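Chain and residue survey
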Amino acid sequence: GDESDLDSIQFTTDLQTLSDSNQHGNLNNKIAVIYLDGNGFGSIQSRLVKTAQEKTAFDNEITMKHRSFLRQQLQDSRKNKDYLTESGELRLETLLWGGDEILLVVPAWCGFDTLLRFYKEIEGWTYQGEKMTYSCGLVFSQAKTPIYRLTQLAKGLADANKLDAQLKSKNR
């Protein structure tokens with residue numbers, strides 16, 4: 001089945017290999033840095049979570065949603081040549097995966113596809129009737145740009161989205 005096959009996936013080991021492609025024109029050697037951060041999860045938790053058991057259930061809910069996205073991402077990506085190197089390695093780096101934050105790097109030509117997959121996966125997600133949404137920052141750049149700088153830019157974009165009152169109850 002698909003699940004056990006995920007263990008056999010080989011990943012690229014550096015951002016240059018991840019972004020190297022003669023098939024994608026001016027996107028060759030470019031990456032997409034995707035930062036995702038839950039909106040108001042702390043506030044939701046403080047209102048709805050009162051016991052250690054409820055805290056565990058809340059954390060498990062987030063973990064389950066994130067895992068479901070990652071499983072879908074891996075299953076879809078390994079069937080899509082845009083995500084694979086010529087030697088069959090998957091072009092995906094996970095730089096942060098914890099709490100309500102995710103930081104991923106994919107080739108520039110896969111950035112929007114990956115982000116759309118995440119938002120499809122969490123569409124309509126609620127916790128005890130509370131809508132659970134995320135803000136994102138998506139930065140496109142040369143693969144050789146320092147990753148710390150790209151991460152700061154992506155986080156800054158996500159934080160700016162959180163300040164927009166019109167987007168308060170939406171994924172951004």
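Structure shown above.
Procedures and definitions
Residues numbered from 1 in each chain as written. Predicted model: local features only at pLDDT ≥ 70, side-chain atom pairs only at ≥ 80, totals over all residues. Heavy atoms only, no water. Helix = DSSP H or I, 4+ residues; strand = E, 2+ residues; numbered from the N terminus. Buried < 20%, exposed > 50% of the residue type's maximum accessible area, 1.4 Å probe, protein only. Polar contact = N/O pair within 3.5 Å; in protein donor to acceptor, adjacent residues only side chain to side chain. Contact = heavy atoms within 4.5 Å. Core = buried A, V, L, I, M, F, W, Y, C linked by side-chain atoms within 4.5 Å. Pairing = 2+ DSSP bridges. Phe/Tyr/Trp six-rings, centres within 6.5 Å; stacked < 30°, edge-to-face > 60°. Expected span 1.5 Å × (residues − 1). Axes fitted to C-alpha atoms, helices over the stretch in contact; angles between N-to-C directions.

Structural notes on the side chain of Ser77
Relative to the assigned elements, Ser77 resides in helix α4 (residues 52–77). For Ser77, a relative accessible area of 1% translates into the label buried. Within the structure, the side chain of Ser77 is placed 2.6 Å from the backbone oxygen of Gln73, a separation counted as a polar contact. Residues within four places of Ser77 in sequence aside, it is in contact with Tyr83, Leu84 and Leu90.

With respect to the nonpolar core
Core analysis: the biggest nonpolar cluster contains 31 residues, and Leu36, Phe58, Phe118, Tyr119 and Tyr134 have the highest contact counts within it. Mapped onto this core, the elements with two or more residues apiece are β1 (30–38), α3 (41–48), α4, β3 (101–107), α5 (111–122) and β6 (134–142). When sequence neighbours within four positions are dropped, the list of residues in contact with Leu36 reads Asp100, Glu101, Ile102, Leu115, Phe118, Tyr119, Tyr134, Ser135 and Cys136. Counting residues in hydrophobic clusters, the runner-up holds twelve residues, among them Leu18, Val105, Val139 and Leu150.

What to know about the pairing of β3
Across the seven residues that make up β3, a large majority, six, are buried. Relative to β3, β1 runs antiparallel, the two being bridged by seven bridges. Counted as the bridge partner of Ile34 is Leu104 from β3. Pairing geometry for strand β2 (residues 93–98) and β3, over five bridges, is antiparallel. Residue pairing for β3: Leu96 is matched across the bridge by Leu103. Linking β2 to β3, which pair antiparallel, is a turn of two residues; within it Gly99 sits at a positive phi near 60°.

Here's the deal with the packing of aromatic side chains
All chains considered together, the criterion is met by nine aromatic pairs. Arranged with centres 5.9 Å apart and planes meeting at 80°, the rings of Phe41 and Trp125 form a pair that is edge-to-face. Placement of the pair is Phe41 in helix α3 and Trp125 in the loop between α5 and β4 (126–127), with a sequence separation of 84 residues. Of the two residues, Phe41 and Trp125, both sit in the buried class. Taken together, the ring pairs in this structure connect Phe41, Phe58, Phe69, Phe118, Tyr119, Trp125, Tyr127 and Tyr134 into an aromatic cluster.

Focus: the side chain of His24
Counting through the fold element by element, His24 comes out in the loop between α2 (15–19) and β1. What makes His24 buried here is its relative accessible area of 19%. Side-chain polar atoms of His24 contact the side chain of Asp82, separated by 2.9 Å.

Structural notes on α5
Across its twelve residues, α5 extends 17 Å between first and last C-alpha, which sits within 8% of the 16 Å expected from 1.5 Å per residue. Among all positions of α5, only Gly111, Thr114, Leu115, Arg117, Phe118, Tyr119 and Ile122 are buried. Buried residues belonging to α5 abut β1, α4, β3 and β6. Just downstream of α5 lies Gly124, where phi reads positive at about 75°.

Regarding the sheet that holds β2
Spatially, the four strands line up as an open sheet ordered β2-β3-β1-β6, and their pairing is antiparallel. Edge positions in the open sheet fall to β2 and β6, since each of these has one partner strand only. Mean inter-strand twist for the sheet, computed between neighbouring axes without regard to direction, equals 15°. With nine bridges joining them, β1 and β6 adopt antiparallel strand pairing. For Leu36, the partnering residue across the bridge sits in β6 and is Cys136. Strands in contact with α4 are β2, β3 and β6; relative to β2, the strand with the most contacts, it is inclined by about 165°. Docked against the sheet, α5 engages β1, β3 and β6, running at close to 170° with respect to β6.

Taken by themselves, the reported measurements are silent on function.
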